[in-house]
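Working through the structure, step by step
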Amino acid sequence: MKTTGGSEAAKRAAGERAAELVEDGAVVGLGTGSTAAHAIRALGERVGQGLDLRGIPTSYGSADLAREAGIELVTLDDALPDVTIDGADQIAGFDLIKGGGAAHTREKLVDSAAKRFVVVADPSKEVESLDHPVPLEVLPSAREPVSRAVAGLGGEAELRGAERKDGPVVTDNGNLVLDCDFGRIESPAELGDELSAIPGVLEHGLFVGLADDVLVGTDGGVEERRR
Ligand SMILES: O=C(CO)[C@H](O)[C@H](O)COP(=O)(O)O
């Protein structure tokens with residue numbers, strides 16, 4: 001599982017607190033990333049103690065982790081999540097940028113389908129205004145036209161390179177990722193609509209109006225914000 005900045009203790013505190021919120025019999029959306037991984041492991045421990053739950057993974061990574069943890073997996077064809085627990089790359093209020101693990105297309109599907117979407121993070125993710133590059137999952141054949149369209153919106157697109165493979169990151173869905181720098185994002189909802197309208201864009205990493213709870217772990221506890 002890929003890890004990012006922020007203390008592991010803070011990530012664990014947030015993930016474990018989110019896992020405590022899950023009720024017996026729940027269907028749980030399982031986010032991707034190092035913070036969500038703590039929640040998955042904690043849920044696995046609760047399953048070992050008799051909790052009845054089924055998980056809907058958002059990536060190969062979260063599916064593998066859930067299987068290792070002993071969590072039964074289902075799909076969105078079987079059930080909708082009562083709650084989804086997922087991480088974020090940047091958080092301003094309840095607006096997020098996600099996709100650092102290139103999983104944002106499935107994450108948005110599962111996060112938005114949930115009755116309650118709980119974000120778990122460490123304090124390094126919180127900002128006043130979003131300014132992190134926005135990941136776009138794009139069809140491989142759409143890379144150049146989408147990059148030009150992003151430039152037309154004032155952004156700069158960079159193809160995400162793989163770390164342990166030559167060439168680009170290829171997503172779980174067989175597509176490419178463009179990380180698009182727009183500087184400070186004044187209106188995330190408006191930019192999200194513009195990005196969604198570009199042909200060849202499967203999904204963008206702006207998650208606006210989706211999060212219900214933000215749990216920020218610290219080395220000394222968890223700060224909880226509810227919408
Ligand atoms: O959006 C994501 C994956 O696509 C992750 O949730 C995001 O990158 C945060 O990861 P981490 O908890 O490791 O910092």
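If you look the protein chain up in an unreviewed UniProt entry, it shows as Ribose-5-phosphate isomerase A from Halalkalicoccus tibetensis. Annotation of the protein chain in UniProt includes, under Catalytic activity (unreviewed entry), the sentence "aldehydo-D-ribose 5-phosphate = D-ribulose 5-phosphate". UniProt, in its Sequence similarities (unreviewed entry) section for the protein chain, records the words "Belongs to the ribose 5-phosphate isomerase family."

All right, on to the pairing of strand β13 (residues 213-218) then. The side chains of a regular strand alternate between the sheet's two faces. The pairing of strand β7 (residues 116-121) with β13 spans four bridges and is parallel. Bridging across to β13, Ala 121 finds its partner in Val 216. Adjacent in sequence and paired antiparallel, β13 and strand β14 (residues 221-226) are bridged by two residues.

Here we come to the sheet that holds strand β5 (residues 90-92). Hydrogen bonds between backbone atoms are what pair the strands of a sheet, whose relative direction is either parallel or antiparallel. In spatial order, the strands read β5-β6-β12; together these three strands make up an open sheet with antiparallel pairing. Lying at the two open borders of the sheet, with one neighbouring strand each, are β5 and β12 (206-207). In this structure, β5 lies alongside strand β6 (residues 95-97), joined through three bridges in antiparallel fashion. Counted as the bridge partner of Ile 91 is Leu 96 from β6.

Another point: the sheet that holds strand β8 (residues 134-138). Taken together, four strands build an open sheet; the order of strands is β9-β10-β8-β11 and the sheet is antiparallel. A strand with exactly one partner marks an edge of an open sheet, and here the two such strands are β9 (156-159) and β11 (201-204). Averaged over neighbouring strand pairs, the angle between their axes works out to 30 degrees when direction is ignored. Most of the contacts of helix α5 (residues 143-152) go to strand β10 (residues 176-181), to which it runs at about 15 degrees, and overall it touches β8, β9, β10 and β11. Seen against the sheet, helix α6 (residues 188-196) touches β8 and β11 and runs at an angle of roughly 165 degrees to β11.

All right, on to the domain arrangement of the protein chain then. Along its sequence, the protein chain is carved into domain 1 (8-127 + 209-226) and domain 2 (134-204). A straight line from the C-alpha centre of domain 1 to that of domain 2 covers 24 Å. Listed as interface residues are eleven residues of domain 1 and, on the opposing side, twelve residues of domain 2. Counting only elements with at least two residues in the side of domain 1 that touches domain 2, the list comes to β6 and α4 (104-113). With four residues, the single largest contributor to the side of domain 1 that touches domain 2 is α4. Within the side of domain 1 that touches domain 2, the residues separate by chemical class into four nonpolar, four polar and three charged.

Parameters at a glance
- Residues numbered from 1 in each chain as written.
- Predicted model: local features only at pLDDT ≥ 70, side-chain atom pairs only at ≥ 80, totals over all residues.
- UniProt positions renumbered as here; feature names shortened; annotations may be inferred.
- Pairing = 2+ DSSP bridges.
- Helix = DSSP H or I, 4+ residues; strand = E, 2+ residues; numbered from the N terminus.
- Axes fitted to C-alpha atoms, helices over the stretch in contact; angles between N-to-C directions.
- Contact = placed C-beta atoms within 7 Å.
- Domains from an automatic or database assignment.
- Nonpolar A, V, L, I, M, F, W, Y, C, P; charged D, E, K, R; others polar.

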